[in-house]
Amino acid sequence: SLSQHRPDGLKNYWLTPEAGTFQITGMSVDFAVHDSESNMIKDTKVDRLTARREFRNFYSKYATDTVLQKISDSYRKGIKDPSNLLVYLYEIRETLKKYFGSEKALKQQLNIGNDAWSELGRMANTLPIEEGRHRGQHIATRSATREEITSARAIGKHMIKQYLHHLDRLNQGN
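Residues numbered from 1 in each chain as written. Predicted model: local features only at pLDDT ≥ 70, side-chain atom pairs only at ≥ 80, totals over all residues. Heavy atoms only, no water.

Looking now at the overall build of the protein chain. From N to C terminus, the protein chain includes six helices and four strands. The linear arrangement of helices and strands in the protein chain, starting from the amino end, is β-β-β-β-α-α-α-α-α-α. Per-residue burial for the protein chain yields a buried fraction of 29% across its 174 residues. Summarising the internal contacts of the protein chain: among those between residues at least 6 apart in sequence, 52% fall at separations of at least 24. Just so you have it, the protein chain exposes about 12100 Å², and 51% of that area is on carbon and sulfur atoms. (Helix = DSSP H or I, 4+ residues; strand = E, 2+ residues; numbered from the N terminus. Buried < 20%, exposed > 50% of the residue type's maximum accessible area, 1.4 Å probe, protein only. Contact = heavy atoms within 4.5 Å. Areas by Shrake-Rupley, 256 points an atom, 1.4 Å probe, with all protein chains shown as cover.)

Structure representation (structure tokens):
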């Protein structure tokens, strides 16, 4: 393996693995996979940036939708105010439930699974974590783990993306 320290403080690593299983831990990691002839097979940075650009373009189609504005604002507030992350992410759930009229209709229309729905509810309402909605009900609290934060954000993003797809389906009918 080879590593390079960059002026911006990041590091590049080059690995030449044999067959096996690898686990990469830490923050978000970009990697490129090349075949034996140095042809690019996968580049996660390109994939990530492409997905981000596609999301922005998709979002801009429906940017005037008031529900989309509200749930996006809740997500942004959660990112900017991490001590209240789960409060704001739960707002997304509440706003969508109000829009669709019931939890059942929301989950059905947006194809939100019970696992994701329950996990966000558990983190926001039940676990004794400082970023949760009911932290005052617990004698002792703890900070949410990196995994919990990542999971909660992913659920929030998923609900927003599914709502965008819902708007797109409605728009196709017109």
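Here the narrative resumes.
Counted by the stated rule, this structure contains six salt bridges. Among the salt bridges present, the one from E94 reaches R133, with a minimum N-O distance of 3.4 Å. In this pair, E94 is assigned in helix α3 (residues 85–100) and R133 in the loop between α5 (114–126) and α6 (146–172), connecting sequence segments 39 residues apart. When its relative accessible area of 40% is taken as the criterion, E94 is described as partly exposed. Linking K107 and E103 is a salt bridge whose minimum nitrogen-to-oxygen distance equals 3.0 Å. Taken as a pair, K107 and E103 lie in helix α4 (residues 103–110) at a separation of four residues, close to a single helical turn. For K107, a relative accessible area of 16% puts it in the buried group. (Salt bridge = Lys/Arg side-chain N within 4 Å of Asp/Glu carboxyl O.)

With that settled, consider the packing of aromatic side chains. Scanning all chains against the criterion turns up four aromatic pairs. Ring geometry for F58 versus Y62: centroids 6.1 Å apart, planes at 80°, classification edge-to-face. Taking relative accessible area as the criterion, Y62 reaches 9% and is therefore assigned buried. Here the aromatic rings of Y99 and F100 are separated by 4.7 Å at their centres, their planes lie at 85°, and the arrangement is edge-to-face. On the accessibility criterion, Y99 (37% relative accessible area) is partly exposed. A relative accessible area of 14% places F100 in the buried class. (Phe/Tyr/Trp six-rings, centres within 6.5 Å; stacked < 30°, edge-to-face > 60°.)

What follows deals with the nonpolar core. Within soluble globular proteins, side chains that are nonpolar generally end up buried alongside one another. Ranked by size, the top nonpolar core spans 32 residues in total, and within it L68, I71, L86, L89, I92, L96 and Y163 carry the most contacts. Counting only elements with at least two residues in this core, the list comes to α1 (44–61), α2 (66–80), α3, α4, α5 and α6. (Core = buried A, V, L, I, M, F, W, Y, C linked by side-chain atoms within 4.5 Å.)

As a further point, take a nonpolar patch on the surface. Where nonpolar side chains cluster on the molecular surface, the patch consists of V29, F31, V33 and I41 and spans about 330 Å² of accessible area. Along the chain, F31 falls in the loop between β2 (11–14) and β3 (32–34). Under the relative-accessibility criterion, F31 is labelled partly exposed at 40%. (Patch = residues over 30% accessible without salt bridge, like charges linked within 9 Å, V, L, I, M, F, W, Y side chains within 5 Å.)

A few words on α4. Along α4, the residues classified as buried are A105, L106, K107 and L110. Close packing links the buried residues of α4 with α3, α5 and α6. Looking at the residues trailing α4, positive phi occurs at N111, about 55°.

Below, the discussion takes up α3. Given a rise of 1.5 Å per residue, 16 residues ought to cover 22 Å, and the 23 Å separating the end C-alpha atoms of α3 matches this to within 8%. Here α3 has its buried residues at L85, L86, Y88, L89, Y90, I92, R93, T95, L96 and F100. In this fold, the buried residues of α3 make contact with α2, α4, α5 and α6. At the C-terminal side of α3, G101 shows a positive phi close to 95°. (Expected span 1.5 Å × (residues − 1).)

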